[in-house]
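Okay, here's what each chain looks like letter by letter:
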Amino acid sequence: MTNETEMSFEEAMTQLETIVGQLEDGDVPLEKAIDLYQKGMRLSQMCSQKLEQVEQKIEMIVEEGGELKRRPFGNVLDETGENGE
């Protein structure tokens, strides 16, 4: 089994989906359910961190005044010039 810190985003999501399925079925003893829940939370946090890291690397190319400019993905402005987040 892959160590959680070395796991890819896709592997973590697959394991998280499996855990959610097991917990939704309700066929696991309480102690195992608690362990699964804790592992699921760790996987969820890891996925969130990986997504944030990727988001920081992504740049958008926007047209501004007839010129193409690079902008960080997180600074998306709507039509009014307000931050759309």
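Rules used in this analysis
Residues numbered from 1 in each chain as written. Predicted model: local features only at pLDDT ≥ 70, side-chain atom pairs only at ≥ 80, totals over all residues. Heavy atoms only, no water. Core = buried A, V, L, I, M, F, W, Y, C linked by side-chain atoms within 4.5 Å. Buried < 20%, exposed > 50% of the residue type's maximum accessible area, 1.4 Å probe, protein only. Helix = DSSP H or I, 4+ residues; strand = E, 2+ residues; numbered from the N terminus. Expected span 1.5 Å × (residues − 1). Arc of directions from axis to C-beta. Contact = heavy atoms within 4.5 Å. Pairing = 2+ DSSP bridges.

Side note on the nonpolar core
- In terms of nonpolar packing, the biggest core is built from eight residues, these being Met-7, Ala-12, Leu-16, Ile-19, Leu-36, Leu-43, Met-46 and Cys-47.
- For this core, the elements supplying multiple residues, two or more each, are helix H1 (9–25) and helix H2 (30–57).
- In terms of residues, this core owes the most to one element, H2, which gives four residues.

Considering H1
- An ideal rise of 1.5 Å per residue puts 24 Å on 17 residues; H1 measures up with 24 Å between its terminal C-alpha atoms.
- Taken together, the buried positions of H1 are Ala-12, Leu-16 and Ile-19. Relative to the axis of H1, the buried residues are bounded by an arc of 65° and lie together on one face. What points out from H1, more than 90 degrees from its buried face, is the exposed set Glu-10, Glu-17, Glu-24 and Asp-25.
- Residues of H1 that are buried sit in contact with H2.
- Two residues or fewer after H1 comes Gly-26, characterised by a positive phi angle close to 75°.

So, the pairing of strand S2 (residues 67–72)
- Where strand S1 (residues 59–64) and S2 come together, six bridges link them in antiparallel fashion. Note that in S2 the partner of Glu-64 across the bridge is Glu-67.
- Connecting S1 to the next strand, S2, in antiparallel fashion are two residues, including Gly-65 with a positive phi near 60°.

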